[in-house]
Amino acid sequence: MTSPFAPTAIAFARAAAAATAKNTGMANNGNNARMLQAFRRIVRSRESARRFEPHASVPDRAWRDILEMTMTSPSGFNLQPTHVILLRCPRIKAALSEHAMLGFGNQYRTKDASAIAVFCADLEPSKRVDRIFQMERDSGMRPDGYLAVLRVAASFLTGEGTTASITGGGGGGSSTHLSTFLKQTFTHALSPVQPMPTMENVESWSYKNAGIVAQTYTMAATAHGLKTCMMEGYDARRAKEILRVPERYGIPLMVATGYGYGEEPAAHGLKTCMMEGYDARRAKEILRVPKRYGIPLMVATGYGYGEEPV
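It should be emphasised that the depicted structure is a prediction, and the values quoted were computed from it without experimental measurement.

Rules used in this analysis
Residues numbered from 1 in each chain as written. Predicted model: local features only at pLDDT ≥ 70, side-chain atom pairs only at ≥ 80, totals over all residues. Heavy atoms only, no water. Salt bridge = Lys/Arg side-chain N within 4 Å of Asp/Glu carboxyl O. Buried < 20%, exposed > 50% of the residue type's maximum accessible area, 1.4 Å probe, protein only. Helix = DSSP H or I, 4+ residues; strand = E, 2+ residues; numbered from the N terminus. Expected span 1.5 Å × (residues − 1). Arc of directions from axis to C-beta. Polar contact = N/O pair within 3.5 Å; in protein donor to acceptor, adjacent residues only side chain to side chain. Contact = heavy atoms within 4.5 Å.

**A few points about the pattern of salt bridges**
- Taken as a whole and judged by the stated rule, the model has nine salt bridges.
- Residues E124 and K127 are paired through a salt bridge, measuring 2.5 Å at the closest nitrogen-oxygen approach.
- Judged by relative accessible area, E124 falls into the partly exposed class, the value being 24%.
- Residue K127 is classed as exposed on the basis of its relative accessible area of 55%.
- As a salt-bridge pair, R142 and E136 come within 3.3 Å of each other at their nearest N and O atoms.

As structure tokens, then:
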């Protein structure tokens, strides 16, 4: 026999489910709005620093978090052709400033900034394909069809190939990748018939990917309260010699990073608590504070209980 309360119970359950779904949707919308607001503040607060506070040290945990966020950057075919050298050694920064940087602005920024992020672009990305293919297959996240064409597509579209000299009618010579030239000719011929990819040489493809990584790095550093300045004014050959970068890599850009000149260091996600409840006499004895000084307050600083370190 059907209970007389069954229709009411069913209706109540449906109403509760609808209310839960509505509340969940509202909560998601609220979270998205807060994320958008936070990201908007980061984007609008980013500016190219003219000067950095010299000798200012950024905590290792902050650098670690910035680089971990930087590693999430997308790349063509997930080949991840960009490496980042985080240069913090004052001696090497001084050598880079004196012997490779162009213009007074870049020179003193290189010396004063807490670190210089040097972005190295792989000019032989085909050497990465086998490793990335294995990683993609092991992850199980890519369909078989994608894996079947990954090697061929990556080789075709990255623009890597044999270098040849092609002389124009005016008698001047220019260096270009012969394979890229042939691919460009092929795709240009077929473009009126069907959509074809834009062919680039390997420098353009790899440097473009490095630019994406550099932008992610810059936003991550800004989120930590740091100032940045992207720099292209340098002698790349000299920079590679000083930093001992292999010939396989190019250096499309560097990003000077640190605290803005005259600015207070950022908290980097730390919590604080001002304290006045202590025996000042005993505190001075423990800390060996001279009698001429008083201790008006203390500030406890650290991560909140249960929070993940930033």
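After presenting the structure, the write-up continues.
**Let's talk about helix α7 (residues 178–190)**
- Under the 1.5 Å per step criterion, the end-to-end length of α7 is 19 Å for 13 residues, consistent within 8% with the ideal 18 Å.
- Burial in α7 covers these residues: S179, T180, K183 and T187. With its buried residues spanning 95° around the axis, α7 presents them on a single face. Opposite its buried face, α7 presents the exposed residues L182, H188 and A189, each directed more than 90 degrees away.

**Comments concerning the side chain of T257**
- Inspection of the secondary structure assignment puts T257 in strand β6 (residues 249–258).
- Separated by 3.3 Å, the side chain of T257 and the backbone oxygen of V255 make a polar contact.
- Those residues in contact with T257 that sit more than four places away from it in its chain are F52, W63, A113, S114, A115, Y217, A221, L226, K227 and T228.

**Here's the deal with unusual backbone geometry**
- Despite not being glycine, Q80 has its phi angle at roughly 50°, a positive value.
- Residue placement: Q80 occurs in the loop between α2 (60–70) and β1 (82–87).
- Owing to a relative accessible area of 33%, Q80 belongs among the partly exposed residues under this scheme.
- In this model, R244 sits at a positive phi of 55°, which is unusual for a non-glycine residue.
- For R244, the location among the structural elements is in the loop between α9 (236–243) and β6.

**Description of helix α3 (residues 90–99)**
- All buried positions along α3 are accounted for by K93, L96 and S97. The buried residues of α3 occupy an angular sector of 100° when the element is viewed end-on, so they sit on one face. Structural note: α3 exposes R91 and E98 on the side pointing more than 90 degrees away from its buried face.

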